[in-house]
Amino acid sequence: MRAARYHGPSDIRLDTIPEPTPTATQVLVAIEWGGICGSDLHEYIQGPVVIPTASHPHALTGESLPVVLCHEFCGRVAALPESSSDGEVKGAGGVVLRVGMKVMVDPRQNCQACTSCCEMKSSNICPKWGFLGLTGGGGGFAERCAVRADMCYPLPESVDLADAALIEPLAVGRRALTQSGVLGGEWREKAVLVLGGGPIGVAVVWNLKAFGAERVFLSEPTALRQRQCRGLVERVFDPRTERVAEECRELTGGEGVDVVIDCAGVGPAMRDGMDALRRKGTYVNVAGWETPFQLPMQYFMMKELVVRCTLAYDDADFTDTVADFIAGKYKGAEKMVTSRIAIEDIKEKGFEQLVKNKDAHIKILATPKRELLE
């Protein structure tokens, strides 16, 4: 089968590889759509970082590069294992899987045996964590992938798979809210500043809307992303020309915002965010930083701010995101897709576009089925 594999920095090739054979606990998924994530782009530019190398194969998969890319993907069940103990194969939530069923894949890999996985119910921070599409075991930029059955979330026929791959970044955005310490119903009363209007920043905004937040501001320097977000939030700031913190205080009666969610991962944005926070406010970091994470003490200490971090999402976040997606609570989120391409073009029309024209895109989706582009 065809698969786009990462061989090293700026080196993605469309290879022909054997089709995976599902184990007794897996199903074979015929992939329809997958998205390029910021972490994929980081690997392309500066990797391998998370992607395992021959000298350090992944602890669970035992694999090293080249690996199939893409951890944001969906498709249809193409084959079930030949046998199971009760004659049925159950997906997430105990739903019986059938060939042809639409599914969204939770791509996380974890040991299912450590304290994080079993006692803390926080499999996202398993010491051996990994992802399909990054650490081996196949991924979404291929024709098919063998996936643990319990990580396949059945979707009704009414859900368009052309948009369903967005569930994964939406789950990342949801994690920012569930880790913030703010309870669901409390968001209506909170003023929130989101730093960065890229895919995860937009995913956070859509989750804030789903949670009922009404006072949402966003700081984003690029014109396209500003336009994309203007209809979603109360106010979009251009940090290059506006004093973000002063504007936030003016809009909140001089107090500042209650929560800042950082999806930018750069020092100037962090300083704006911490300056904009009210006393004892909460700063949630979602971004992966390429530079040291250095807190501006004049805000952090003097206002007794709370700092929290997130890593991907846990089982509950993903389950709830799928349910809300099916319920239509993210209707309109598909507008963050700025390009759709075939996996044959993943390097030039995908990764190179994001390197050379990053400000012109939010989310690029790719498919192994060229007919879906017609």
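Residues numbered from 1 in each chain as written. Predicted model: local features only at pLDDT ≥ 70, side-chain atom pairs only at ≥ 80, totals over all residues. Heavy atoms only, no water.

Structural notes on the sheet that holds strand 4 (residues 67-68)
Within the open sheet, the 3 strands sit side by side as 2-1-4. Their pairing is antiparallel. Of all the strands in the sheet, just strand 2 (11-16) and strand 4 have a single pairing partner and so form its edges. (Pairing = 2+ DSSP bridges. Helix = DSSP H or I, 4+ residues; strand = E, 2+ residues; numbered from the N terminus.)

Things to note about the UniProt feature "domain: Alcohol dehydrogenase-like C-terminal" (unreviewed entry) in the chain
Taking the UniProt record as the reference, the feature "domain: Alcohol dehydrogenase-like C-terminal" (unreviewed entry) is found at residues 199-326. Annotated as residues 199-326, this span is 42% helix and 21% strand, and its ends, taken at the C-alpha atoms, are 20 Å apart. (UniProt positions renumbered as here; feature names shortened; annotations may be inferred.)

Overview of the pattern of salt bridges
This structure, assessed with the given rule, holds 29 salt bridges. As a salt-bridge pair, Asp-106 and Arg-108 come within 2.8 Å of each other at their nearest N and O atoms. Neither Asp-106 nor Arg-108 differs from the other in exposure class; each is buried. Linked through salt bridges whose partners overlap, the residues forming this network are Arg-2, Glu-143, Glu-344, Asp-345, Lys-349 and Arg-370. (Salt bridge = Lys/Arg side-chain N within 4 Å of Asp/Glu carboxyl O. Buried < 20%, exposed > 50% of the residue type's maximum accessible area, 1.4 Å probe, protein only.)

Points about the packing of aromatic side chains
Within a pair of aromatic rings, the relevant descriptors are the distance that separates the centres and the angle that separates the planes. A full pass over the atoms with the stated rule returns 8 aromatic pairs. Measuring from ring centre to ring centre gives 5.0 Å for Tyr-44 and Phe-351, while their planes differ by 35°; the resulting arrangement is tilted. Taken together, the residues Tyr-44 in helix 1 (residues 38-46) and Phe-351 in helix 11 (residues 346-356) connect sequence positions 307 residues apart. Take Phe-351: its relative accessible area is 0%, and that puts it in the buried class. Taking the centre distance of 6.1 Å and the plane angle of 50° together, the rings of Phe-217 and Phe-237 count as tilted. Of this pair, Phe-217 sits in strand 12 (residues 215-219) while Phe-237 is found in strand 13 (residues 235-237), placing the two residues 20 residues apart along the sequence. A relative accessible area of 0% places Phe-217 in the buried class. Accessibility expressed as a relative area gives 0% for Phe-237, which makes it buried. Each residue in the set Tyr-153, Tyr-313 and Phe-318 is aromatic and connected to the rest through ring pairs, giving one cluster. Over the ring of Trp-206 we find Lys-209, and its NZ or CZ is 5.8 Å from the ring centre. (Phe/Tyr/Trp six-rings, centres within 6.5 Å; stacked < 30°, edge-to-face > 60°. Lys NZ or Arg CZ within 6 Å of the ring centre and 35° of its normal.)

Considerations on empty space enclosed by the protein
Gaps between atoms show up when a probe of the same size as a water molecule is rolled over them. In this structure the tally under the stated criterion is 1 cavity of 30 Å³ or more. Every residue lining the largest cavity is listed: Arg-108, Gln-109, Ser-123, Asn-124, Trp-129, Gly-130, Phe-131, Leu-311 and Ala-312. Among the secondary structure elements, those contributing two or more residues to the lining of the largest cavity are strand 7 (108-109) and strand 8 (130-131). Partitioning the lining of the largest cavity into residue classes produces 4 nonpolar, 4 polar and 1 charged. (1 Å grid on protein atoms, 1.4 Å probe; cavity = no way out; pocket = protein on both sides within 12 Å on 5 of 7 lines; lining within 4 Å. Points joined across faces, edges and corners; volume = space filled by probe spheres on them. Nonpolar A, V, L, I, M, F, W, Y, C, P; charged D, E, K, R; others polar.)

Describing the layout of surface pockets
Put simply, the second largest pocket is a space of about 550 Å³. Among the elements of the structure, strand 4, strand 7 and strand 9 (144-148) are those that each provide at least two residues to the lining of the second largest pocket. A total of 5 residues in the lining of the second largest pocket trace back to one element, the largest contributor, which is strand 9.

Points about helix 6 (residues 223-230)
Turning to helix 6, its buried residues number three or more, namely Leu-224, Arg-225, Gln-226 and Cys-229. On its buried side, helix 6 packs onto helix 5 (199-210), strand 12, strand 13 and strand 17 (337-342). (Contact = heavy atoms within 4.5 Å.)

A word on the packing of helix 4 (residues 167-178) against helix 5
Packing of helix 4 against helix 5 leaves a shortest axis separation of 8 Å and a crossing angle of 65°. Judged by the sense of rotation from one axis to the other, the crossing of helix 4 with helix 5 is right-handed. Only Ile-200, Ala-203, Val-204, Trp-206, Asn-207 and Leu-208 of helix 5 make contact with helix 4, whose side of the interface consists of Pro-169, Leu-170, Val-172, Gly-173, Arg-174, Ala-176 and Leu-177. Its residues assigned to classes, the contact of helix 4 with helix 5 shows 10 nonpolar, 2 polar and 1 charged. (Axes fitted to C-alpha atoms, helices over the stretch in contact; angles between N-to-C directions. Left-handed = near helix turned anticlockwise from the far one by under 90°.)

A look at the sheet that holds strand 14 (residues 257-262)
With parallel pairing, 6 strands are arranged side by side in an open sheet as 13-12-11-14-15-16. Strands with a single pairing partner mark the edges of an open sheet, and in this sheet they are strand 13 and strand 16 (306-309). Between one strand axis and the next, the sheet turns through 20° on average, direction left out of account. Bridging between strand 14 and strand 15 (residues 277-285) involves 5 bridges; their strand directions are parallel. Counted as the bridge partner of Val-259 is Thr-282 from strand 15. On the sheet, helix 5 packs against strand 11 (191-195), strand 12 and strand 14 and is oriented at approximately 160° with respect to strand 11.

With respect to the nonpolar core
Ranked by internal contacts, the top residues of the largest apolar core, which has 88 residues, are Phe-141 and Ile-261. Structurally, this core is a two-domain feature, drawing no fewer than three residues from each of domain 1 (2-155 + 332-372) and domain 2 (173-309). In this structure, Phe-141 is in contact with Ala-3, Ala-4, Gly-34, Gly-35, Ile-36, Val-68, Leu-69, Cys-70, Ile-343, Ile-346, Phe-351 and Ala-366, ignoring residues within four places of it in sequence. Among the nonpolar cores identified, the runner-up in size contains 19 residues, and Ala-191, Leu-195, Leu-277 and Ala-287 belong to it. (Core = buried A, V, L, I, M, F, W, Y, C linked by side-chain atoms within 4.5 Å. Domains from an automatic or database assignment.)

Points about the environment of Arg-249
Mapped onto the elements of the fold, Arg-249 is located in helix 7 (residues 244-251). With relative accessibility at 26%, the residue Arg-249 sits in the partly exposed group. C-alpha of Arg-249 to C-alpha of Lys-329: the two residues are 80 residues apart in sequence and 30 Å apart in space. The contact partners of Arg-249, leaving out residues within four places of it in the chain, are Gly-254, Glu-255, Gly-256, Asp-275 and Ala-276.

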